[in-house]
Amino acid sequence: MRDRVQTARARPAAGGPSALRELLERVERATPAGRDRAIDGLRALAIAGVVLGHWLVTALVADSGTLRGASPLRELPAFTPASWLFQTLAVFFLVGGLVAARGRARAEQGFRAWLRRRLARLFAPVMAVAAVWSVIAVTMLARGVAVDTVLALAALVWSPLWFLLVFGALTALTPVAARIGPAWPVAVVALVDLVRFWLGGPGWLGWVNVIAGWLVPYCLGASWAGGLPSRRTGWALLLGGAAATAVLVLWAGYPASMVGVPGAAVSNLDPPTLAAVTFGLAQCGAARLLAGPLRRALRRPLAWAAVAVVNVHAITIFLWHQTAMIAVTALGLLTGGILPGLHTAPDSAAWVAARLAWLPVFGAALVACCALAGVTRPGRAGG
């Protein structure tokens, strides 16, 4: 579908409402009749959750001429439910496993050729980010910007990239993912947590869960490649996963936040814990239950066109969303003042309200970043 929609978007059209209608009609015509739009909708929701989550739980605080990272989750425990809503990585891995298994089954080339093609699509956009940030870092250091500031900004850009490495590794495991199913990876995560938390095992053992933990939703998605399971299965995953997570948080001492909190002794995400896995299973159940409503909603041409564009550029959006936030923060400093929700410490409800007001600005900056990266040139957009 990608090539068809790219071709449709490449054709020139006059401006105004008629141009929009023509564009939407072209995207509709370019969409294969049998495409399950719910899967694309779930992927779009997952990437939106990751982006909005990072923008809400990450702050750059202006402090004595430097910028340092901070998180409202440390100062505002009541903000913890935001991590339940916006930590949507399990849904992304679920869709990734499903799409990869379907694509592998349809591929005419051998597995190695298929894998090279998928990994190239996954990692090619990283080169642009690396080039831009190499120039930015050198320029900042040359202009006397504090090293701590440069490191703080670089960490925001590069630290989320672990996701691509894990996704690439799981992609290589696609042929076996559907066969092993999610039960074995869950057992591995549970055993690792038992050893490191309760039996005095080494902390480094937790890094086994980086693959095993995210293999759970990936395997689940691969097992759904032949068709989504019943809604009963969705409810079982949602309720069972939520109940297991509640037990682990309330009685086993796991953190309530589903993302890392600076200064916390244990993170559910770095590396993944059993609580993160059970929470992810609940999200996968919710994704199954949302499939029907999403499928109906995406019959609307405008909604479908938006989702199609997000899907084609999901990795690029992921790579540039922190740069967009950093750009707005840096430009805000040029005003000569400290702007609430942008440069202030995330330690009050007022900060949360101010940060919510900045989200549309971050979104506009992200569109600009993607345009500069070339993803919105004629012939490059699509679904």
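It should be noted that the structure appears before, not after, this text.
What you are looking at is a predicted structure, and each value in this text was computed from that prediction instead of being measured.

(A) Here's a closer look at the overall build of the protein. Scanning the protein from N- to C-terminus turns up 18 helices and two strands. The C-alpha radius of gyration of the protein comes to 21 Å, within 12% of the 21 Å expected for a compact globule of 383 residues. Counting only C-alpha atoms, the protein reaches 65 × 60 × 40 Å along its principal axes. Counting every position in the protein, which comprises 383 residues, the buried fraction comes to 48%. Of the contacts made within the protein by residues no fewer than 6 positions apart, 77% connect residues no fewer than 24 positions apart.

(B) Structural view of unusual backbone geometry. Cis rather than trans, the peptide bond between Asp270 and Pro271 has omega equal to 5°. Among the structural elements, Pro271 can be located in the loop between helix H14 (231-251) and helix H15 (274-297).

(C) Spatial organisation of the packing of aromatic side chains. On inspection of all chains with the given rule, the structure shows 13 aromatic pairs. Taken together, a centroid distance of 6.4 Å and an interplanar angle of 85° make the contact between Trp162 and Phe163 edge-to-face. With a relative accessible area of 29%, Trp162 lands in the partly exposed category. Through pairs of rings, three or more aromatic residues link up here, namely Phe92, Phe93, Trp162, Phe163, Phe167, Trp214, Tyr218 and Phe318.

(D) Representation of the pattern of salt bridges. For the coordinates displayed, the defined rule picks out five salt bridges. With its nearest N and O atoms 3.6 Å apart, the salt bridge here joins Arg43 to Asp40. Taken as a pair, Arg43 and Asp40 lie in helix H3 (residues 37-57) at a separation of three residues, close to a single helical turn. Across this residue pair, the class does not change: Arg43 and Asp40 are buried.

(E) Just the pairing of strand S2 (residues 66-70), in detail. Where strand S1 (residues 59-63) lies against S2, five bridges are found, and the strand directions are antiparallel. The residue bridging Ala62 from the neighbouring strand is Leu67, located in S2. Counting the residues that bridge the hairpin from S1 to S2 gives two residues, and of these Ser64 lies at a positive phi of roughly 55°.

(F) View of the environment of Thr344. By secondary structure assignment, the location of Thr344 is in the loop between helix H17 (314-333) and helix H18 (349-372). Thr344 gets classed as partly exposed once you look at its relative accessible area, which sits at 25%. The sequence separation of Thr344 and Ile39 amounts to 305 residues, and the corresponding C-alpha distance is 39 Å. Leave out the neighbours within four places in its chain, and Thr344 touches Val61, Ile338, Leu339 and Trp351.

(G) Layout of the packing of helix H12 (residues 183-198) against helix H13 (residues 208-223). Put simply, H12 and H13 touch, their axes get as near as 8 Å, and they point 150° apart. As the angle between them shows, H12 and H13 are arranged roughly antiparallel. Remark: the crossing between H12 and H13 carries left-handed chirality. In this structure, H12 uses Pro185, Val186, Val188, Val189, Val192, Asp193 and Arg196 to contact H13, whose residues at the interface are Val208, Asn209, Ala212, Gly213, Leu215, Val216 and Cys219.

Basis of the calculations
- Residues numbered from 1 in each chain as written.
- Predicted model: local features only at pLDDT ≥ 70, side-chain atom pairs only at ≥ 80, totals over all residues.
- Heavy atoms only, no water.
- Helix = DSSP H or I, 4+ residues; strand = E, 2+ residues; numbered from the N terminus.
- Rg over C-alpha atoms; globule rule 2.2 N^0.38 Å.
- Buried < 20%, exposed > 50% of the residue type's maximum accessible area, 1.4 Å probe, protein only.
- Contact = heavy atoms within 4.5 Å.
- Phe/Tyr/Trp six-rings, centres within 6.5 Å; stacked < 30°, edge-to-face > 60°.
- Salt bridge = Lys/Arg side-chain N within 4 Å of Asp/Glu carboxyl O.
- Pairing = 2+ DSSP bridges.
- Axes fitted to C-alpha atoms, helices over the stretch in contact; angles between N-to-C directions.
- Parallel < 35°, antiparallel > 145°, perpendicular 65-115°, else oblique.
- Left-handed = near helix turned anticlockwise from the far one by under 90°.

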